[in-house]
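Results of the structural survey
Given next are the chains, with one letter for each unit.
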Amino acid sequence: MSAIKECTLQLLCAICRALDNPLIIFLDDMQWADEASMDMLNVLLTSSELKNLMFICAYRSNEVDVEHSFSKLMDDVVKGDESVENMELFSLSPTSITSFIADSVKKEEDAEVQELSNAVYQITMGNIFFTKQALEELVRKNILFYDMMCFEWRWVVTKVELANNMSADVVESVLGKIRDLPGEMQELLSLMAYIPNAMDVPTLKALICRDGDSYEESEVEDLLRQSSDEGMLLLASPNWIFAHDRIRQASLRIASEKSCSEETLLHISSVLLAEGGGREWCQYVAVDMLNSLPVEMTDCNELVKLNLNVSHLARNSGALGKENALLHKGLESLKSSGMTWKNEY
């Protein structure tokens, strides 16, 4: 066992022994967990020393098959521990969706929105995020509208017409919403979509200030608040994150439609290295971006050093697979630089 895993295990043991009640740790989106995280979780879940602790792991079952590393981990854990339980969470029922829509459009009786609810449920199948996006799409298309004469929400089309005006793919629905936003907001969301971590205002300011555009921090904060009002972002003080991964996915689609995506990656990596302030995740994201670019767009010598530095970070955190991958990338960059066994060896 690596030192960092042993230290983490002993730390949790000490914390749990000192508590009167069990410690509960909730881990979300396990379908995206990397190899190092799985290794750490395996140590903690299979330890006989760790008591007074409950892990709750959430994942999307449609993205985790029997060959997924999380499935294999849980199979191993279940074999030696009868206290493991599996709970399947289902989407909301048609009745619940009907009640939600009735409440959203200020109707006292669920029956008043039954036709609208049936059309929405046929598309969203009870997923609450998809349901909200479908309603917003109907509002944007003026199919669902607030009648200022009657002071109530109304729709005057049939169930078939309702269904025809909703995107079957939630990402397409979110795409439509993003395309209706001001250009500055679209640019902000597109840049944020490349980065998997929460972002602070100073870093976002450095990202959006390019191609001759200049912004004050107060202007960036205004853009962020407007994006939040539109349901795109959430404030996790002092950082900003996407309200849902589907919104990030749609924003990335917007970004990929532009012809200068490689220049964008180069710009983002430069900002992360300059503004990262020693934050390790900035170096991880930057080196992955630079490694994905054509050789002629990067400084090979600098990329060799960056791969080496970040590989040390990966080794120190116990991510040996990541360390190995970065070292191989560094060797490729060294070969491309033509400096092998000359200045860098």
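Residue positions are given per chain, counted from 1 along the sequence in the order it is written. Reporting of local features is limited, given that this is a predicted model, to residues whose pLDDT is at least 70; pairs of side-chain atoms are given and counted only at 80 or more, and all residues count toward the totals for whole chains, interfaces and linings. For side-chain calculations, the full set of non-hydrogen atoms in the structure is used, while hydrogens and water are omitted.

1. Some points on the overall build of the protein
Our working rule: Secondary structure elements are defined from DSSP: runs of H or I of at least 4 residues count as helices, runs of E of at least 2 residues count as strands, and each element is numbered from the N terminus. Only protein chains enter the accessibility calculation, which uses a 1.4 Å probe; a residue whose area is less than 20% of its type maximum is buried, one above 50% is exposed, and one in between is partly exposed. Just so you know, the count uses Lys and Arg for positive and Asp and Glu for negative, and it drops His and the chain ends. By convention, the point assigned to a charge is CZ for Arg, NZ for Lys, CD for Glu and CG for Asp.
Counting its regular elements, the protein contains 16 helices and seven strands. Considering only C-alpha atoms, the protein reaches an extent of 80 × 60 × 35 Å along its principal axes. Burial status across the protein gives 37% buried among its 345 residues. For the protein, the centre of its 29 positive side-chain charges and the centre of its 56 negative side-chain charges are spaced 3 Å apart.

2. Section: unusual backbone geometry
That bond from S237 to P238 is cis: its omega, 0 degrees, falls within 30 degrees of zero. As for its position among the elements, P238 is in the loop between β6 (233–236) and β7 (239–242). Look at K106: it is not a glycine, yet its phi comes out positive at around 60 degrees. Here K106 lies in the loop between α4 (94–104) and α5 (114–124). Residues other than glycine seldom take positive phi values, yet F151 does so here, at roughly 55 degrees. Inspection of the secondary structure assignment puts F151 in the loop between β3 (145–147) and β4 (152–154).

3. Some words on the pattern of salt bridges
Rules: Only one rule defines a salt bridge in this text: a Lys or Arg side-chain nitrogen within 4 Å of an Asp or Glu carboxyl oxygen.
Taken as a whole and assessed by the stated rule, the structure comprises 17 salt bridges. R60 serves as the salt-bridge partner of E63, at 3.3 Å between the closest nitrogen and oxygen. When the shortest N-O distance is used, the salt bridge between D245 and R60 registers 2.3 Å. Here D245, found in helix α12 (residues 245–256), pairs with R60, found in the loop between β2 (53–57) and α3 (69–80); they are 185 residues apart in sequence, far enough to count as distant. Taken together, the shared-partner salt bridges connect R60, E63 and D245 into one network.

4. Describing the packing of aromatic side chains
This is how it is decided: The aromatic pairing rule takes the rings of Phe, Tyr and Trp, using the six-membered ring of Trp, and pairs them if the centres are within 6.5 Å, calling planes under 30 degrees apart stacked, those over 60 edge-to-face and the rest tilted.
Summed over all chains, the structure comprises three aromatic pairs. Between Y146 and W153, the ring centres sit 5.6 Å apart and the planes meet at 70 degrees, which makes this aromatic pair edge-to-face.

5. Digging into the side chain of H267
This is how the line gets drawn: Here a residue-residue contact requires only that any non-hydrogen atoms of the pair lie within 4.5 Å.
Along the polypeptide, H267 turns up in helix α13 (residues 261–275). Looking at H267, the relative accessible area reads 17%, which means it is buried. Discounting chain neighbours no more than four positions away, the residues touching H267 are A206, L207, C209 and R210.

6. Some points on the sheet that holds β7
The line we're drawing: Any two strands with at least two DSSP-identified bridges between them are counted as paired.
Pairing in this open sheet of three strands is antiparallel, and the strands run β5-β7-β6 from one edge to the other. The sheet is open, and its two borders are formed by β5 (199–200) and β6, each paired with just one other strand.

7. Topic: the packing of helix α9 (residues 183–193) against α12
We apply this condition: Every axis in this analysis is a line fitted to C-alpha atoms, fitted for helices over the stretch in contact. Angles between the N-to-C directions lie between 0 and 180 degrees. Just so you know how the angles are binned, under 35 degrees is roughly parallel, over 145 roughly antiparallel, 65 to 115 roughly perpendicular, and the rest oblique. When residues are sorted by character, Ala, Val, Leu, Ile, Met, Phe, Trp, Tyr, Cys and Pro go into the nonpolar class, Asp, Glu, Lys and Arg into the charged class, and all the rest, Gly among them, into the polar class.
For the pair α9 and α12, the least separation of the axes is 8 Å and the interaxial angle reads 105 degrees. Taken together, the axis directions place α9 and α12 in an arrangement best described as roughly perpendicular. Across from Q186, L189, S190, M192 and A193 in α9, the residues of α12 making contact are R248, S251, L252, I254 and A255. Across the contact of α9 with α12, the residue classes break down as six nonpolar, three polar and one charged.

8. Brief notes about the environment of N301
Secondary-structure assignment places N301 in helix α15 (residues 300–316). Spatially, the C-alpha atoms of N301 and M74 are 43 Å apart, while their sequence positions differ by 227 residues.

9. Considerations on a nonpolar patch on the surface
Put simply, the rule reads: Residues form patches when they are more than 30% accessible in relative terms and have no salt bridge. Like charges link within 9 Å. Nonpolar side chains (Val, Leu, Ile, Met, Phe, Trp, Tyr) link within 5 Å. Accessible surface area values rest on a Shrake-Rupley calculation with a 1.4 Å probe, where residue burial reflects the displayed protein chains alone.
A cluster of nonpolar side chains, namely I24, F26, M54 and I56, defines an oily patch on the protein surface of about 390 Å² accessible area. Broken down by secondary-structure element, the contributors of at least two residues to the nonpolar patch are β1 (23–27) and β2. Within the secondary structure, I56 is located in strand β2.

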